[in-house]
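Tertiary structure, described
Now for the letters of each chain:
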Amino acid sequence: MKYTIDKHERYVVIEPLTKQLNGEVAAFLKGEFMLRNSSGQRNIILDLSNVEESDEEGIRMGLLAQRLCGAVGGVFILTGVCSQIADLLRMAGLENNFTIVKSISKAEDLIFGSEIQRELRGE
């Protein structure tokens, strides 16, 4: 599977370069999320701008990433979500389980806000 990873100091952007987020792609991304999370990246942005459709495995992969990031005080953000995936999340009743933004810059703003709050709380 082809994908890009853009590492930053406080977050990482993962962008799958595929049209379909199926079980095979989801399994690969799960491994990538676990690797990034265990190496200290607590904030992950998943850029779905190239993805046109997903199945339930793709949604489960997102739930895993959400739990991984949340367990270490980070955030998991989806961006570039197409209407098919948004509808799938809505039908499954999961649209409120994910932080979904329109652009990577909006995701960056959320992450920086979250990090500032963590620092102010002394975490």
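Residues numbered from 1 in each chain as written. Predicted model: local features only at pLDDT ≥ 70, side-chain atom pairs only at ≥ 80, totals over all residues. Heavy atoms only, no water.

**Section: the overall build of the protein chain**
To be explicit about the condition: Secondary structure elements are taken from DSSP: a helix is a run of H or I of four residues or more, a strand is a run of E of two residues or more, and numbering for both begins at the N terminus. The quantity called the radius of gyration is restricted to C-alpha atoms. Its globule counterpart is 2.2 Å times the number of residues to the power 0.38. Exposure categories follow from relative accessible area, calculated using a 1.4 Å probe and restricted to protein chains: below 20% of the type maximum is buried, above 50% is exposed, and the middle band is partly exposed. Residue contacts follow a heavy-atom distance rule, with two residues in contact if any of their heavy atoms lie within 4.5 Å. Residue exposure ignores everything except the shown protein chains as possible cover, and the areas themselves are Shrake-Rupley values with a 1.4 Å probe. The charge count includes Lys and Arg as positive and Asp and Glu as negative, but it does not include His or the ends of the chains. Charged side chains are reduced to one point each, which is NZ for Lys, CZ for Arg, CG for Asp and CD for Glu.
Within the protein chain one finds four helices and seven strands. Secondary structure elements of the protein chain, listed N to C terminal, follow the sequence β-β-β-α-β-β-α-β-α-β-α. Taken against the 2.2 N^0.38 rule, which gives 14 Å for 123 residues, the C-alpha radius of gyration of the protein chain at 14 Å falls within 12% of a compact globule. If one aligns the C-alpha atoms of the protein chain with their principal axes, the spans along those axes are about 40 × 25 × 25 Å. Looking at the protein chain as a whole, 40% of its 123 residues are labelled buried. The contacts of the protein chain with a sequence gap of at least 6 include a subset with a gap of at least 24, amounting to 74%. Split by element, the accessible area of the protein chain, about 6700 Å² in all, is 50% carbon and sulfur. Positive and negative side-chain charges in the protein chain, numbering 14 and 18 respectively, have mean positions lying 3 Å apart.

**Details of helix 3 (residues 83-91)**
Applicable threshold: It is the directions from the helix axis to the C-beta atoms whose arc is reported.
Burial in helix 3 covers these residues: I85, A86 and L89. All buried residues of helix 3 project into a common sector of 100° when viewed along the axis, lining one side. With respect to the buried face of helix 3, the exposed residues turned more than 90 degrees away are S83 and M91. G93 occupies a position one or two residues after helix 3 and carries a positive phi of about 70°.

**Looking at the packing of aromatic side chains**
The condition is simple: For this analysis, a ring pair means two rings from Phe, Tyr or Trp (six-membered ring only for Trp) whose centres lie within 6.5 Å, classed as stacked if their planes differ by under 30 degrees, edge-to-face if by over 60, and tilted for the remaining angles.
Here the structure, examined in full by the defined rule, presents four aromatic pairs. Between Y11 and F112, the ring centres sit 6.1 Å apart and the planes meet at 80°, which makes this aromatic pair edge-to-face. Placement of the pair is Y11 in the loop between strand 1 (3-7) and strand 2 (12-16) and F112 in helix 4 (residues 104-121), with a sequence separation of 101 residues. What makes Y11 buried here is its relative accessible area of 3%.

**Quick look at the nonpolar core**
In plain terms, the rule: As used here, the term nonpolar core means buried Ala, Val, Leu, Ile, Met, Phe, Trp, Tyr and Cys residues forming a set that is joined through side-chain atoms within 4.5 Å.
The biggest cluster of nonpolar side chains holds 24 residues, and the ones touching the most others in it are F33, L46 and F76. Secondary structure elements with two or more residues in this core: strand 2, helix 1 (23-38), strand 4 (44-47), helix 2 (56-71), strand 6 (76-79) and helix 3. Looking at this core element by element, the count peaks at six residues for helix 2. Sequence-distant contacts of F33, defined by excluding residues within four places in its chain, comprise I14, I44, L46, M61, A65, L68 and F76. In terms of nonpolar packing, the next biggest core, distinct from the first, is built from seven residues, Y11, I45, I77 and V101 among them.

**Observations concerning the pattern of salt bridges**
We apply this condition: Think of a salt bridge as a Lys or Arg side-chain nitrogen and an Asp or Glu carboxyl oxygen that are within 4 Å of each other.
Under the definition given, this model contains eight salt bridges. R36 is the partner of E32 in a salt bridge, and the nearest nitrogen-oxygen pair spans 2.8 Å. Of this pair, E32 and R36 are both found in helix 1, four residues apart, which corresponds to roughly one turn of the helix. For E32, a relative accessible area of 8% puts it in the buried group. Where R90 meets D87, a salt bridge forms, and the shortest distance between an N and an O atom there is 2.7 Å.

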